[in-house]
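# Fold and geometry: a report
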Amino acid sequence: MSKEKESTFKPYHHPAGGWGAAGATAKVLMEQSVLVKGSRGLLAMNQPGGFKCPSCAFPDPDHRKTLEFCENGAKALAHEATKARVTREFFERHTVTELMDKSDYWLEMQGRLTEPMRYDAATDKYVPVAWDDAFALIGKHLRALESPHQAEFYTSGRTANETAFLYSIFVREFGTNNFPDCSNMCHEPTSRGLPPAIGVGKGTIVMADFDHAEAIFVIGQNTGTNSPRMMTNLVEARKRGVPVILINPMPERALIRFTEPQDILQMATFGSTAISSDFVHVRIGGDLAVFKGMMRALFEAEDRGEAVLDTAFIAEHTAGLEALRADVMSVSWADITRISGITEEQIRHIAGIYAKSNATIICYGMGLTQHQEGSRLLQQVANLLLLKGNFGKPGAGIAPIRGHSNVQGDRTVGIDEKPSQDYLDRVRDVFGFEPPRAHGHHVLEALEAMEAGTAKVFFGMGGNFARAVPDTARTYAAMGRLNLTVGVATKLNRGHLVHGKDALILPVVSRSEIIRTTAGEQFVTIEDAMANVTPSRGVFEPVSPDVRPETEIVCRMAMATLPESRTPWAQYMEDYTLIRDKIAAIYPDIYADFSEKIKNPRGFHLDIPPRRRVWPTPNGKANFLVLPGLEVNDVVADPAMLRLATIRSHDQYNTTIYSNSDRYRGVYNNRLVIFMNKQDREDRGLENGAVIGLETCSDDGYRRYVDGLTVIDYPMPRGAIAGYYPELNPLLPLDYFDEISGTPAAKSIPVKVVPSVASAAPIRIAG
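The next point concerns the sheet that holds strand E23 (residues 604–605). Read across the sheet, three strands follow the order E21-E22-E23 without closing on themselves; strand pairing throughout is antiparallel. At either end of the open sheet lies a strand with only one pairing partner, and these are strand E21 (524–527) and E23. Across the sheet, helix H8 (residues 161–174) is in contact with E21 and strand E22 (532–536); its angle to E21 comes to roughly 90 degrees.

A separate point is the pattern of salt bridges. Should the charged atoms of two oppositely charged side chains come close, the side chains can pair. Here the structure, examined in full by the defined rule, presents 49 salt bridges. Salt-bridge contacts for arginine 548 lead to glutamate 552; the nearest nitrogen and oxygen are separated by 3.5 Å. The same class applies to arginine 548 and to glutamate 552, which are both buried. Its salt-bridge partner being lysine 599, residue glutamate 596 comes within 3.2 Å of it at the nearest N-O pair. Across the pair, lysine 599 and glutamate 596 agree in class, each one exposed. Through salt bridges that share partners, Asp181, Glu188, Arg192, Arg411, Asp416, Glu417 and Lys418 make up one connected network.

Next up on the list: the packing of aromatic side chains. Within this structure, the stated rule accounts for 28 aromatic pairs. On the basis of an interplanar angle of 85 degrees and a centroid distance of 6.5 Å, the ring pair of tryptophan 569 and tyrosine 572 is categorised as edge-to-face. Pair noted here: tryptophan 569 and tyrosine 572 are both in helix H29 (residues 569–574), with a separation of three residues, about one helical turn. Cluster of aromatic residues (ring-pair linked, three or more members): Phe153, Tyr167, Phe170, Phe174, Phe179, Phe459, Trp569 and Tyr572. In this arrangement the basic side chain of lysine 102 is found over the ring face of tryptophan 106, its NZ or CZ atom lying 4.8 Å from the centre. Its end group placed over the ring of phenylalanine 523, arginine 580 keeps NZ or CZ at 4.0 Å from the ring centre.

On to the sheet that holds strand E28 (residues 667–668). Strand order in the open sheet formed by three strands is E28-E1-E34, and the pairing between neighbours is mixed. Because the sheet does not close on itself, it has two edges, and the strands there are E28 and strand E34 (764–765). Two strands pair when backbone bridges link them, and strand E1 (residues 8–9) and E34 are joined in this way by two bridges, in the parallel orientation. Looking across to E34, one finds that phenylalanine 9 is bridged to isoleucine 765.

Looking now at empty space enclosed by the protein. Per the counting criterion, the structure on display carries seven cavities of 30 Å³ or more. What the second largest cavity holds in volume is close to 150 Å³. Taken together, 20 residues form the lining of the second largest cavity, with Phe458, Val486, Gly487, Gly495 and His496 sitting closest to its centre. The set of elements that each furnish at least two residues to the lining of the second largest cavity consists of strand E16 (457–461), helix H25 (465–468), strand E17 (484–489), helix H27 (494–497) and strand E18 (502–507). Among the elements that take part in the lining of the second largest cavity, E17 stands out by supplying five residues, more than any other.

Definitions and cut-offs
- Residues numbered from 1 in each chain as written.
- Predicted model: local features only at pLDDT ≥ 70, side-chain atom pairs only at ≥ 80, totals over all residues.
- Heavy atoms only, no water.
- Pairing = 2+ DSSP bridges.
- Helix = DSSP H or I, 4+ residues; strand = E, 2+ residues; numbered from the N terminus.
- Contact = heavy atoms within 4.5 Å.
- Axes fitted to C-alpha atoms, helices over the stretch in contact; angles between N-to-C directions.
- Salt bridge = Lys/Arg side-chain N within 4 Å of Asp/Glu carboxyl O.
- Buried < 20%, exposed > 50% of the residue type's maximum accessible area, 1.4 Å probe, protein only.
- Phe/Tyr/Trp six-rings, centres within 6.5 Å; stacked < 30°, edge-to-face > 60°.
- Lys NZ or Arg CZ within 6 Å of the ring centre and 35° of its normal.
- 1 Å grid on protein atoms, 1.4 Å probe; cavity = no way out; pocket = protein on both sides within 12 Å on 5 of 7 lines; lining within 4 Å.
- Points joined across faces, edges and corners; volume = space filled by probe spheres on them.

Read these as spatial facts, not as claims about activity.
In structure tokens form, the structure reads like this:
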């Protein structure tokens, strides 16, 4: 094995960001042979008049810098702008069976798709297909269904507002609300859990709130990898002396020390900023116990006569305090500390920080949402904020740190399997057809329908569905029984190889590329995680004359499927202003004058009523909601059980693998690793670097097993381990999810160590 490919573990002791990030950015631009082109694109990314980053949903700052991107954004752009191409000659060389044996990283590195392809069963290869023939095939399959509900229409969070809106209208005119969406697998608890508490399923802060916050909590989120531009806000807060409290099972390098790559002085002096003032090393599933401990400390302080709660706010704006108080005071400190893994002293300490702060932001990621009680767990975060009146004032609020750049926008403009009747009435009135009223399928329900054989067609508007969802073996088998699978994409991925009897790959214009129609150059709009809507206009020429804009694909699919439709699809395909006018007609409260407002290159902010202390709940109040007990996951009796959290490496974005390394965690050239507490390892008689298998603790008749995993000593809490997804998705059962949202509980999978039968390459432990 060559030295550069040697699997190594070497702890990373440098600050995150800094020269490491700068070097990684330059390296990826050179690897993709786009150093000049990519550098030009980076100057336009997240800038007025340019395009929105295709990576995360973190907002642009109010005062932008010349370079407004992060390392992950640079990687996303480089891989999108790459010179590598997947052509018809590529598919001539490889059968689908051969491609299935390739790694996700290998598939990613093959480059951009250049023309539509159709699966040919006789040769087990994808072959070229004309666009007209591709749409005809889609229309033929959809019209042949016995019921519209036999089709599943998936949406990726990269889909722009205009495309997502038309997609939702087409699917409803077709006759179903089956909208499995990427948010179902990550932040659906935000969308379903927060509305009963505060009336909206979104965050309530804007960027300026970071400048006024007196305390910031970051819970279950690896900021430096998943939303690196947020690190600037944390650095600035720490420089002002604002405490930043991290609650997480893993110490993450960027939240220990960080160097801003655009801070010339720090870069020149190799300086850095300490980020976390307090690290709460919680056990997996122990967050609820921490929250209840904090609330108990606040109630106890009130009982001692200390005025720590915002009683005026509570009296005017909330309901349900006494029920919450009774629940919180019913749990003992002994149980709180046992389940959380945190001492009473530390919980009281961070509760004291919270009590002293007049304006607190709580940020969270999938470490909270991906549990069996993810939705109700977020309601406890809202409870904590409500006790101190931390809504509707500068520097305060709740901040879900979302993933894909328009995952929130897609939901806003209609990608919702459970639409409100009021929304459906507006669709009827504006478009002149009666939309279906029954709820449709989310991701897990779509997979159940595939397994049962009641789903016949799967259409994927972006993403890598087969690789992103749980229970990999069952998913692959279920999707193989479909009559048609369609993947709309910029790059080849595993989802195109797990296919139905008929299959299409439809290549699209990327976020960074120019969209031209007969009406002239078009732009799209994106909603970020703080409800800012901004225009996005590509700057590069499309990768090939045979790629098409996503909006055109939706319109032409609609015309092929609904030949009698009165919706002017051909007009929408050419003029995106007409689409925005219809969005304004469907959503007059938040999108009024959309076409006029979006002329501002910096965009505009959608109204979030809790920022005005207005609560769109049935009782018109913000509600304290009770989650009894302290557990957020099933209790498993097996004493050998460990809780597995699936995580991303620093060199991936969702299922897209940029390399097989994870710089900040010190792993190089290997993704089949398990991070484990040293004592847990020794209790199982394992050496550091031992190769093991993991098996899911389950009694449903399925054996879920992943082999060839190398154990690495890591500062994990006792009983908690972590490893990369999607490699470990086979261990996550389809029926292990949050019942309110349907989100898989990927951060707390019950597993046990079993002997390995694999001949895995060893990892050299360097220190």
